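For reference, the chains in residue letters:
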Amino acid sequence: KAGVTQTPRYLIKTRGQQVTLSCSPISGHRSVSWYQQTPGQGLQFLFEYFSETQRNKGNFPGRFSGRQFSNSRSEMNVSTLELGDSALYLCASRVTRTGGNTGELFFGEGSRLTVL
Amino acid sequence: AQSVSQHNHHVILSEAASLELGCNYSYGGTVNLFWYVQYPGQHLQLLLKYFSGDPLVKGIKGFEAEFIKSKFSFNLRKPSVQWSDTAEYFCAVSGGYQKVTFGTGTKLQVIP
């Protein structure tokens, strides 16, 4: 079974630009979550999508947005990039079991964004 | 709101020493608990998880964790660490359909 795939792996942008990151979950996983990882801050939750609907949302500004397609693939977009947006952006997928108990997250290798 | 605290930010041990990494969480309902590991240059992977049942959970590579509900803790242990255990370790919590919340991580350095 293929793992979580994120593209691109590395990218460099300048302040004010916008960026779109893509994530393909493990086949059969309908939930996709996005995290921002920076040194000392750990993993900060951005949002989670399930069946094309945003199910959970973190405390990031509106410049950060996402969506999920019918095939469960997800994209996140950051507009008007700032220097502080430089980070590793991680995507993770998981199954959702009956009874409200979700499974563990499976992570991709991440997209490393550098904002100059 | 759920939260996770990892009190040890950086731990240095010699090979064969015992390891215990602390994790405390805050959540009012039934919790799912996880420990993830990130080896240098690799993606995050699951070490072990607790959903229900036996509070002593065994994971990969000889790691185990104990869920103590009264203390809201889920500490990670290994009796004898190896140089290959050098990595960053993250504790995480979620409840039901809630998001998975991570701690800030503990960097473990094992000296040969």
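Since the model is a prediction, treat every value here as computed from it, not as a measurement.

Asks: What should I look at first to understand the state of the cysteines in this one?
Replies: A covalent bond between the sulfur atoms of two cysteines is what we call a disulfide. Residues and elements named next belong to chain A. Taken as a whole and judged by the stated rule, the model has two disulfides over all chains. Here C23 pairs with C91 through a disulfide, and the sulfurs are 1.8 Å apart. Across the disulfide from C23 to C91, rotation about the S-S bond amounts to roughly -60°, and the bridge is consequently left-handed. Here C91 lies in strand β9 (residues 87–94) and C23 lies in strand β3 (residues 19–24), a separation of 68 residues in the sequence.

Asks: Would you mind showing me how to read the interface of chain B and chain A here?
Replies: Many authors give the size of an interface as the accessible area that is lost as the parts come together. Facing the 19 residues of chain B at the interface are 23 residues of chain A. Summed over both partners, the interface of chain B with chain A buries about 1,800 Å², with 54% contributed by carbon and sulfur atoms. Connecting chain B to chain A are one salt bridge. As a salt-bridge pair, B:K49 and A:E104 come within 3.0 Å of each other at their nearest N and O atoms. Linking chain B with chain A are five residue pairs in polar contact (both at pLDDT 80 or more), by the criterion used here. Only β5 (32–38), β6 (45–50) and β10 (87–94) of chain B provide two or more residues apiece to the side of chain B that touches chain A. Considering each element in turn, the side of chain B that touches chain A owes the most residues, four residues, to β5(B). Counted by class, the side of chain B that touches chain A contains nine nonpolar, eight polar and two charged residues.

Asks: What is the right way to look at the pattern of salt bridges in this model?
Replies: Close approach of charged atoms lets side chains of opposite charge pair. Residue and element names in this part refer to chain A. Summed over the entire model, instances satisfying the criterion amount to 12 salt bridges over all chains. Between R63 and D85 there is a salt bridge whose closest N-O contact spans 2.8 Å. Separated by 22 residues along the polypeptide, R63 in the loop between β6 (53–57) and β7 (64–68) and D85 in the loop between β8 (74–78) and β9 bring together distant segments of the chain. Each member of the pair R63 and D85 is classed as buried. Residue R67 is joined to E75 by a salt bridge in which the shortest nitrogen-to-oxygen separation is 3.2 Å. Note on R67: relative accessible area 47%, which makes it partly exposed. On the accessibility criterion, E75 (16% relative accessible area) is buried.

Criteria and cut-off values
Along every chain, residues carry numbers that run from 1 in the direction the sequence is written. Each chain gets a letter, beginning with A, and each ligand a number, beginning with 1, in the order they are written. Under the rules for a predicted model, residues below a pLDDT of 70 receive no local features and side-chain atom pairs below 80 are neither given nor counted, while totals for whole chains, interfaces and linings still include all residues. Excluding hydrogens and water, the side-chain values take into account all heavy atoms of the structure. By definition, disulfides here are pairs of cysteine sulfur atoms that lie within 2.5 Å. Elements are defined by DSSP. Helices are runs of H or I of four residues or more, strands are runs of E of two residues or more, and each kind is numbered from the N terminus. Should any heavy atoms of two residues lie within 4.5 Å, those residues are counted as being in contact. Here's the idea: put two parts together, see how much 1.4 Å probe accessible area each one loses, and the total over both is what we call buried area. What makes a salt bridge here is a side-chain nitrogen of Lys or Arg within 4 Å of a carboxyl oxygen of Asp or Glu, nothing more. Throughout this description, a polar contact denotes any pair of N or O atoms lying within 3.5 Å of each other; where both atoms belong to protein, one of them has to be capable of donating a hydrogen while the other can accept it, and for residues adjacent in sequence the pair is counted only when both atoms sit in side chains. Note on residue categories: nonpolar means Ala, Val, Leu, Ile, Met, Phe, Trp, Tyr, Cys or Pro, charged means Asp, Glu, Lys or Arg, and polar means any other residue, Gly included. Here the term buried applies to any residue with accessible area under 20% of the maximum for its type, exposed to any over 50%, and partly exposed to those in between, with areas from a 1.4 Å probe on protein chains only.

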